[in-house]
Amino acid sequence: MVRPYTITRGRTAPERDDLTLITVLTTVEAEADAALARGSRAGARGLQPEHRLILERCRHPIAVAEVSAGLDLPVSVTKILLGDLVAQGLLNARAPLSVARAAGGVDLGLLTAVREGLRRL
């Protein structure tokens, strides 16, 4: 077992404070492929095994909470690793509503139906 502060190189807080549990992440394909092809070095900091796993998991849009669960790491540690990848330009992070808008907009009918269903419970 590796201690979380070892994975984060002693850092205890992410550099970014905008990553929430439902922030949607997507790998920047060209840059990520190039970084993975270069081997263990990407910029000033090398890619750790956890960074590589994140890049693979984020090939399709995925939430921060899902990445954390898939890596079996605390969310705080995952956010630090995600911040590294976003800073290196290897990962895009978007608020869920901007993703919904890009996909054609928020379906207000669906949201209304969900709200009404919850009220009936």
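Look up: the structure comes first, before these words.
It should be emphasised that the depicted structure is a prediction, and the values quoted were computed from it without experimental measurement. (Residues numbered from 1 in each chain as written. Predicted model: local features only at pLDDT ≥ 70, side-chain atom pairs only at ≥ 80, totals over all residues. Heavy atoms only, no water.)

A.B. asks: So what's going on with the packing of helix H4 (residues 64-71) against helix H5 (residues 75-87)? Residues and values would help.
C.D. replies: Packing of H4 against H5 leaves a shortest axis separation of 9 Å and a crossing angle of 110°. Looking at the two axes, H4 sits roughly perpendicular to H5. Here H4 contributes Val64, Val67 and Ser68 to the contact with H5, which in turn contributes Val75, Thr78, Lys79 and Leu82. When its residues are assigned to classes, the contact of H4 with H5 shows four nonpolar, two polar and one charged. (Axes fitted to C-alpha atoms, helices over the stretch in contact; angles between N-to-C directions. Helix = DSSP H or I, 4+ residues; strand = E, 2+ residues; numbered from the N terminus. Parallel < 35°, antiparallel > 145°, perpendicular 65-115°, else oblique. Contact = heavy atoms within 4.5 Å. Nonpolar A, V, L, I, M, F, W, Y, C, P; charged D, E, K, R; others polar.)

A.B. asks: Requested: an account of unusual backbone geometry, with residues and values cited.
C.D. replies: Backbone geometry at Asp72 places phi at a positive 60°, although glycine is not the residue there. Tracing the chain through its elements places Asp72 in the loop between H4 and H5. Owing to a relative accessible area of 69%, Asp72 belongs among the exposed residues under this scheme. (Buried < 20%, exposed > 50% of the residue type's maximum accessible area, 1.4 Å probe, protein only.)

A.B. asks: How would you summarise the pairing of strand E1 (residues 24-27) if you had to cite specific residues and measurements?
C.D. replies: The side chains of a regular strand alternate between the sheet's two faces. As paired elements, E1 and strand E4 (residues 62-63) share two bridges and run antiparallel to each other. When the sheet's bridge partners are listed, Val24 is paired in E4 with Ala63. Taken together, the four bridges between E1 and strand E5 (residues 91-94) define a ladder with antiparallel strand orientation. Among the inter-strand pairings, Leu25 is bridged to a residue of E5, identified as Ala93. (Pairing = 2+ DSSP bridges.)

A.B. asks: Would you mind going over the side chain of Thr27 in detail, with residue names and values included?
C.D. replies: Note on placement: Thr27 falls in strand E1. For Thr27, a relative accessible area of 4% corresponds to the buried category. From its side chain, Thr27 meets the backbone nitrogen of Arg59 in a polar contact 3.4 Å long. (Polar contact = N/O pair within 3.5 Å; in protein donor to acceptor, adjacent residues only side chain to side chain.)

A.B. asks: Now, about the nonpolar core: what can you tell me, with residues and values included?
C.D. replies: With 20 residues, the main nonpolar core has Leu25, Ile54, Val67, Leu82 and Leu91 as its most contacted residues. Looking at this core, the elements with two or more residues in it are helix H2 (29-37), helix H3 (49-57), H4 and H5. A per-element tally of this core places H5 first, with five residues. Not counting residues within four places of it along the chain, the set of residues in contact with Leu25 comprises Leu19, Cys58, His60, Pro61, Ile62, Val64, Val67, Leu82, Leu91, Asn92 and Ala93. (Core = buried A, V, L, I, M, F, W, Y, C linked by side-chain atoms within 4.5 Å.)

A.B. asks: So what's going on with a nonpolar patch on the surface? Which residues, and what values?
C.D. replies: Among the surface-exposed residues, Leu110, Val114, Leu118 and Leu121 lie close enough to one another that they form a single nonpolar patch of about 460 Å² accessible area. Exposure remark for Leu118: the relative accessible area of 57% places this residue in the exposed category. (Patch = residues over 30% accessible without salt bridge, like charges linked within 9 Å, V, L, I, M, F, W, Y side chains within 5 Å. Areas by Shrake-Rupley, 256 points an atom, 1.4 Å probe, with all protein chains shown as cover. Salt bridge = Lys/Arg side-chain N within 4 Å of Asp/Glu carboxyl O.)

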